[in-house]
Amino acid sequence: MPEPGPGELLIRVDAATTCGTDVKVYRRGGHPTMLALPSPFGHEVTGTVVRAAAGSFHTEGDAVVVANSASCGKCQPCRHKRENLCRNLIYLNGAFADYLLLPEAVAKRSVHPRPAGLAPVVAAMAEPLACAVHCLERCLGAWSGPPTEARTLVIGCGPLGLMLIDLFHSMRTHVRGLDPHRHRLEAARSFGAAETHLGRAGDGSGPAAEDPFDFAIDATGTPAGWDHAVRSLAPGGVAALFGGCRPGTELVIDAERVHYQEQTLLGVYHHRPSSFRAAIDRLCSAPERYGALVERELPLDRLTEALDLMTGRHALKVAIRPHRG
Ligand SMILES: [Zn+2]
Ligand SMILES: [Zn+2]
């Protein structure tokens, strides 16, 4: 077991959830910003402090939820409260392990208390939900009307699409979910989608001109999904390009529509400390709904099986529970 150095923290991993990013890392062999292989991976994590170096803000036995990055707090984006764009952002990986050593910056800025009563498998999802919270905040900031008058399209109803549906529904926007898998559309309804559409972005059915959306969010990370989002916009609408496409991807946009209809195309990436705290609160307010996303719990030595379940879309999320006996 590693011994924490000055400012560092050692946690026992109580639960680490799998996500699409892990599947990308596993299949593509890396990630454009988060990590280069060979590297430990897994980034959605909650645990218990087992060793705290002197001077740490945390003590042994504290239950914590850890954000997977730490900003510097000093650069221009940090000073503007856009910590997700920090020029010195460091990422934390390696949650698929028995223990996780938190570097000083993470220990100092990215460790949040896990509320009593919040189950570890639910708490571990604070990270992806924080990304969805960040998306909601970006969209609301870019749209002038009341959310209750907005129509929202969420393209892709995987775990993040479902989280986005929940958040946009919680603002009382009218939400439609689009996905090619029937069971995911059922989940979309349980997360608050008022309507669902069985289909895939770019499958030819396409957005209808008479049926535009005020918010259109891509949660597929494909060029077809981005294109579908932009083409679905009403005048004054906001497209949130939330799913990350492969490096080098280019998109063709209809400049006339974007200009004359004042459409907003938002890049949305990662999360901020404020969105992370909001995500923990949201998990506490709907633990059963979010708990349903975790369809399997497996021990650490069955990690590849967990990733295969994700790849085959047999599970929305899998929780790795290293110390569950
Ligand atoms: Zn993730
Ligand atoms: Zn910074």
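In this text, all values refer to a predicted model and were calculated from it rather than measured experimentally. Throughout, residues of each chain are indexed from 1 in the direction in which the sequence is written. Here the convention is simple: chains get letters from A, ligands get numbers from 1, in the order in which they are written. For a predicted model such as this one, the threshold for reporting local features is a pLDDT of at least 70, and the threshold for listing and counting side-chain atom pairs is 80 or more; totals across whole chains, interfaces and linings nevertheless cover every residue. By convention in this description, side-chain values take in all heavy atoms of the structure and omit both hydrogens and water.

What counts as a helix is a DSSP run of H or I of at least four residues, what counts as a strand is a run of E of at least two, and both are numbered from the N terminus. Counting secondary structure elements, the chain contains twelve helices and 17 strands. Viewed in the frame of its principal axes, the chain has a C-alpha envelope of about 60 × 45 × 35 Å. Buried means the residue's accessible area, taken with a 1.4 Å probe over protein chains only, is under 20% of the maximum for its type, while exposed means over 50%, and partly exposed covers the values in between. Sorting the 325 residues of the chain into buried and exposed places 50% on the buried side. Residue contacts are counted whenever heavy atoms from the two residues lie within 4.5 Å of one another. Counting only contacts in the chain whose residues sit at least 6 apart along the sequence, the fraction spanning at least 24 positions is 67%.

All right, on to the side chain of H228 then. Of note, H228 is situated in helix α8 (residues 223–231). Excluding residues that lie within four positions of it along the chain, H228 makes contacts with L153, I155, L178, A201, G202, G206 and P207.

Before going further, it helps to examine the coordination of the zinc ion (ligand 1). Put simply, a metal with four donors set out as a tetrahedron has ideal angles of 109.5 degrees, and one with six donors set out as an octahedron has ideal angles of 90 or 180 degrees. The donor definition counts N, O and S atoms within 2.8 Å of each metal and applies 3.2 Å to Na, K and Ca; water is not among these atoms, so some sites may look incomplete. Looking at the zinc ion (ligand 1), the protein donor atoms are C19 (SG), H43 (NE2) and E44 (OE), and they sit 2.1 to 2.4 Å from it. Summarised as a motif, the one-chain spacing of the donors to the zinc ion (ligand 1) is C-x23-H-E. With C19 in the loop between β1 (9–17) and α1 (20–28) and H43 in the loop between β3 (35–36) and β4 (44–52), this residue pair connects regions lying 24 residues apart in the sequence. Comparing C19 with H43 shows no difference in burial state: the two are buried.

Counted as salt bridges are all cases of a side-chain nitrogen of Lys or Arg within 4 Å of a carboxyl oxygen of Asp or Glu. Taken as a whole, this structure holds 15 salt bridges when the rule is applied. Residue R12 pairs with D14 through a salt bridge whose shortest N-O separation is 3.0 Å. For R12, a relative accessible area of 30% corresponds to the partly exposed category. Look at D14 and you get buried, because its relative accessible area is 10%. Between E195 and R176 there is a salt bridge whose closest N-O contact spans 2.8 Å. One end of the pair, E195, is in strand β12 (residues 195–198); the other, R176, is in strand β11 (residues 174–179), and 19 residues separate them in sequence.

On to the environment of L140. Here L140 shows up in helix α5 (residues 126–142). Sequence-distant contacts of L140, that is, excluding residues within four places in its chain, are made with P147, M171 and F215.

Let us now look at the coordination of the zinc ion (ligand 2). Protein coordination at the zinc ion (ligand 2): the donors are C72 (SG), C75 (SG), C78 (SG) and C86 (SG), at 2.3 to 2.4 Å from the metal. Take C78: its relative accessible area is 6%, and that puts it in the buried class.

Right, let's talk about the environment of D214 for a bit. Its place among the elements puts D214 in strand β13 (residues 213–218). The exposure class of D214 is buried, given its relative accessible area of 13%. Spatially, the C-alpha atoms of D214 and E149 are 8.9 Å apart, while their sequence positions differ by 65 residues. Once residues within four sequence positions are removed from consideration, D214 is found in contact with W143, E149, A150, R151, L233, A234, G237 and V238. Polar contacts here mean pairs of N or O atoms no more than 3.5 Å apart (in protein, one a potential hydrogen donor and the other a potential acceptor; neighbouring residues in sequence count only if both atoms are side-chain atoms). Looking at D214, its side chain comes within polar contact range of the main-chain nitrogen of R151, at 2.8 Å.

Counted residue by residue, strand β14 (residues 233–241) has seven buried out of nine residues, so it is predominantly covered. The pairing criterion for strands is at least two bridges between them, as found by DSSP. Where β13 meets β14, five bridges bridge the pair, whose relative direction is parallel. Paired with D218 across the strands is L241, a residue of β14. Here a crossover is taken to be right-handed if, once the strands point away from the viewer, the path from the first strand over the helix to the second is traced clockwise. At this point the chain moves from β13, through α8, to the parallel β14, and the crossover so formed is right-handed. Alignment of β14 against strand β15 (residues 264–267), held across four bridges, turns out to be parallel. Looking across to β15, one finds that V238 is bridged to T264.

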